[in-house]
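As a plain string of letters, each chain reads:
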Amino acid sequence: MKSVTRTQVGIIGAGPAGLLLSHLLCIAGIDSVVVVESRSRAEMESTIRAGVLEQGTMDLLDSAGVGARMHAEGAVHHGIALAFEGERRRIDLTGLTGRAITVYAQHEVIKDLVAAREAAGVLPVFEVTDTRIEDMDTEKPVVRYVRDGVDGALVCDYVVGCDGFHGPSRQTIPVQAREEFERVYPFGWFGILVEAPPSSEELMYARHDRGFALVSTRSPGIQRMYFQCGPSESVESGRTRKIWEELHTRLDSIDGWKIIKGKIFQKNIVGMRSFVCATMRYGRLLLAGDAAHIVPPTGAKGLNLAVNNLRLLAKAFAELYTTGSQERLLSYSHNALRRVWRPEHFSWWITTMLHNFDNATPFHQRLLVAQLDYLTTSEAGARVLSENYLGPLTH
Ligand code: FAD
Ligand code: DHB
């Protein structure tokens, strides 16, 4: 059996990038969009990942009509704290820039977007396997997949690969046409969700000789925390006592601050990588989000970067289907990449500043502390940090 569908835009991956793009295209009047996704809806709606949304991301979700729950349930933060050498120093994000961040979990954004797709009567095709792209250098690229044992084919005008770092889209581009830049960090993050009220009202990024720690929130009764761990650590190795020991060691020395403990009900490990594929279009295949670029999570940029891509893509497709002009699609890779390297640099910089590298000399450690000291005492320094953390003002 075979199922063949003709569609204008075929999207691979129903993460935040694929779902938001299909929603934006639908708003622009492009109804013929199909999203295929390898995971189940339940898994997508429960996988814990990002938390911080930039103002620009919130504005786009609002203008797309999917921001109501984010405003009702997300928490607006006007500052963050950097903790080092036993002190906690606040960066007044809003005072310095007039902008703020919202902490609202990525899987809640996913639920909002899936609900919007459902309301429009066009849910993604979940639980596909064997996804592959053919003929992307022709005028009718094809996405092939298998669902419930049936071969499926999407015959498209364009294919957008929103299938994350490990998805097949980027790999489909011939190696000789792909320019890639990569830095893999020699550590990861151990993340936990804890049933307890916030230990810190604002996000706290802490540097300690034992390694980095981050105290974030999810809701008045749930905290999100991370600490730097070895690159090959596993969730199983994180016994409850060891997790609290690590967090106490890194955080207890902070003046007048106390960690609030509670029941740990979820653990995960996050790898750390910087990556850019400097070819975001090949023929009629376009890449967006983590499929094209990865940042280490310290700067809280990944999802926000994906949103920057989608803004460009939605405009480009709207132009194509209203005027017939392919100009914006042809310049998409160039324009998207121009917006990628600043957050790539920021994410690398803040990661380097806050983590412990095994090979760092005492001299290097002192330099990093001097830099943190400068960023938290000079208004100019704090402004540089704030502007980068909050992301671009206009797009
Ligand atoms: P993904 O979310 O990876 O989605 C890709 C989708 O494609 C997946 O659903 C996958 O199942 C699907 N797929 C893969 N292969 C196939 C296939 N063969 N066929 C069909 N479908 C396929 N970003 C921020 O902006 N702020 C933060 O605070 C932040 N914190 C983070 C904290 C952590 C711990 C982590 C891990 C990440 C964080 N990020 C943050 C990054 C953010 O989560 C990602 O950048 C974001 O998920 C990228 O979205 P995406 O849609 O491009 O890719
Ligand atoms: C969260 C994740 C981040 O990567 C970050 O920099 C801040 C907060 C979070 O999951 O809450």
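Residues numbered from 1 in each chain as written. Chains lettered and ligands numbered in written order. Predicted model: local features only at pLDDT ≥ 70, side-chain atom pairs only at ≥ 80, totals over all residues. Heavy atoms only, no water.

- An unreviewed UniProt entry lists the protein under the name 4-hydroxybenzoate hydroxylase, from Pseudomonas sp..

### Re the packing of aromatic side chains
Geometry of an aromatic ring pair is reported as the spacing of the ring centres plus the angle between the planes.
Then step 1. Scanning the entire structure with this criterion turns up eleven aromatic pairs.
Then step 2. Relative to phenylalanine 275, the ring of phenylalanine 165 lies with its centre 5.1 Å away and its plane at 80 degrees, an arrangement referred to as edge-to-face. On the criterion of sequence distance, the pair formed by phenylalanine 165 in the loop between strand E10 (150-161) and helix H7 (168-172) and phenylalanine 275 in strand E17 (residues 273-277) is long-range, its members being 110 residues apart. The same class applies to phenylalanine 165 and to phenylalanine 275, which are both buried.
Then step 3. Where tyrosine 205 meets tyrosine 389, the ring centres are 6.0 Å apart and the plane angle is 85 degrees; that geometry is what we call edge-to-face. With tyrosine 205 in strand E13 (residues 204-206) and tyrosine 389 in helix H14 (residues 379-390), this residue pair connects regions lying 184 residues apart in the sequence. An identical accessibility class is assigned to tyrosine 205 and tyrosine 389; each is buried.
Then step 4. When the ring centre of tyrosine 158 is taken as origin, the NZ or CZ atom of arginine 284, which lies over that ring, is 4.6 Å away.
Then step 5. Its end group placed over the ring of tyrosine 389, lysine 301 keeps NZ or CZ at 6.0 Å from the ring centre. (Phe/Tyr/Trp six-rings, centres within 6.5 Å; stacked < 30°, edge-to-face > 60°. Helix = DSSP H or I, 4+ residues; strand = E, 2+ residues; numbered from the N terminus. Buried < 20%, exposed > 50% of the residue type's maximum accessible area, 1.4 Å probe, protein only. Lys NZ or Arg CZ within 6 Å of the ring centre and 35° of its normal.)

### Points about the UniProt feature "domain: FAD-binding" (unreviewed entry) in the protein
Then step 1. Those places that UniProt annotates as "domain: FAD-binding" (unreviewed entry) correspond, in this numbering, to residues 6-345.
Then step 2. Helix makes up 31% of residues 6-345 and strand 31%. Its end C-alpha atoms lie 40 Å apart. (UniProt positions renumbered as here; feature names shortened; annotations may be inferred.)

### As for the packing of helix H1 (residues 16-27) against helix H6 (residues 106-119)
Then step 1. Packing of H1 against H6 brings their axes to within 10 Å, and their N-to-C directions diverge by 35 degrees. Note on packing geometry: the crossing formed by H1 with H6 is left-handed. In this structure, H1 contributes Pro16, Leu19, Leu20, Ser22, His23 and Cys26 to the contact, and H6 contributes Gln106, Ile110, Leu113, Val114, Ala116 and Arg117.
Then step 2. Grouping the amino acids of the contact of H1 with H6 by side-chain chemistry returns eight nonpolar, three polar and one charged. (Axes fitted to C-alpha atoms, helices over the stretch in contact; angles between N-to-C directions. Left-handed = near helix turned anticlockwise from the far one by under 90°. Contact = heavy atoms within 4.5 Å. Nonpolar A, V, L, I, M, F, W, Y, C, P; charged D, E, K, R; others polar.)

### Examining the sheet that holds strand E4 (residues 75-77)
Then step 1. With antiparallel pairing, three strands are arranged side by side in an open sheet as E3-E7-E4. Among the strands making up the open sheet, the edge pair consists of strand E3 (52-53) and E4.
Then step 2. Here two bridges tie E3 to strand E7 (residues 101-103), and the two strands are oriented antiparallel to one another. Across the sheet, residue leucine 53 finds its bridge partner in E7, namely threonine 102. (Pairing = 2+ DSSP bridges.)

### Focus: the nonpolar core
Then step 1. Residues Val160, Leu313 and Phe317 are the most contacted members of the largest nonpolar core, which totals 70 residues.
Then step 2. It is helix H9 (residues 302-323) that contributes the most residues to this core, eleven residues altogether.
Then step 3. Non-local contacts of leucine 313, meaning those with residues more than four positions away in its chain, are made with Leu21, Val160, Leu286, Ala288, Leu329 and Tyr332. (Core = buried A, V, L, I, M, F, W, Y, C linked by side-chain atoms within 4.5 Å.)

### Some points on the site of ligand 1
Then step 1. Neighbouring ligand 1 are 31 residues, the closest being Glu37, Gln106, Thr131, Asp290 and Leu303.
Then step 2. Leucine 303 has a polar backbone atom sitting 2.8 Å from an oxygen atom of ligand 1.
Then step 3. A distance of 2.9 Å separates an oxygen atom of ligand 1 from a polar side-chain atom of asparagine 304.
Then step 4. Coverage of ligand 1 by the protein amounts to 89% of the 1,000 Å² it exposes when considered alone. (Near = heavy atom within 4 Å. Polar contact = N/O pair within 3.5 Å; in protein donor to acceptor, adjacent residues only side chain to side chain. Areas by Shrake-Rupley, 256 points an atom, 1.4 Å probe, with all protein chains shown as cover.)

### Remarks on the domain arrangement of the protein
Then step 1. Domain annotation of the protein identifies domain 1 (2-51 + 105-184 + 273-349) and domain 2 (188-271 + 356-390).
Then step 2. Between the C-alpha centres of domain 1 and domain 2 there is a distance of 31 Å.
Then step 3. Taken residue by residue, the interface counts 15 residues in domain 1 and 18 residues in domain 2.
Then step 4. Counting each side, the surface lost to burial between domain 1 and domain 2 is near 1,200 Å², with a carbon and sulfur contribution of 58%.
Then step 5. When the area that domain 1 buries against domain 2 is broken down by residue, the three leading residues are Ile48, Thr298 and Trp349, summing to 44%.
Then step 6. For the pair domain 1 and domain 2, the interface holds zero salt bridges.
Then step 7. Of the residues forming the side of domain 1 that touches domain 2, the biggest block, three residues, is contributed by helix H12 (residues 341-354).
Then step 8. When grouped by side-chain class, the residues that make up the side of domain 1 that touches domain 2 number seven nonpolar, three polar and five charged. (Domains from an automatic or database assignment. Buried area = accessible area lost by both parts, 1.4 Å probe. Salt bridge = Lys/Arg side-chain N within 4 Å of Asp/Glu carboxyl O.)

### Observations concerning the sheet that holds strand E5 (residues 80-84)
What links the strands of a sheet is backbone hydrogen bonding, and the strands pair in either a parallel or an antiparallel sense.
Then step 1. Within the open sheet, the seven strands sit side by side as E6-E5-E13-E14-E15-E12-E16. Their pairing is mixed. Whereas interior strands pair on both sides, the edge strands pair on one side only; in this sheet they are strand E6 (87-91) and strand E16 (263-270). Across the sheet, the mean angle separating the axes of adjacent strands is 20 degrees when strand polarity is ignored.
Then step 2. Summarising the sheet, strand E12 (residues 188-195) and E16 pair through seven bridges and their orientation is antiparallel. Paired with valine 194 across the strands is isoleucine 264, a residue of E16.

### Re the state of the cysteines
Then step 1. Within this structure, the stated rule accounts for zero disulfides.
Then step 2. Cysteine cysteine 156 is unpaired, with the sulfur of cysteine 162 as its nearest cysteine sulfur at 12 Å.
Then step 3. Its relative accessible area of 0% is what places cysteine 156 among the buried residues. (Disulfide = S-S within 2.5 Å.)

### Focus: the side chain of glutamine 365
Then step 1. Considering the arrangement of structural elements, one finds glutamine 365 in helix H13 (residues 362-377).
Then step 2. Residue class for glutamine 365 comes out buried when judged on its relative accessible area of 15%.
Then step 3. Reaching out from glutamine 365, the side chain makes a polar contact with the side chain of arginine 207 at a distance of 2.3 Å.
Then step 4. Filtering out sequence-adjacent residues up to four positions away, glutamine 365 remains in contact with Arg207, Asn356 and Ala360.

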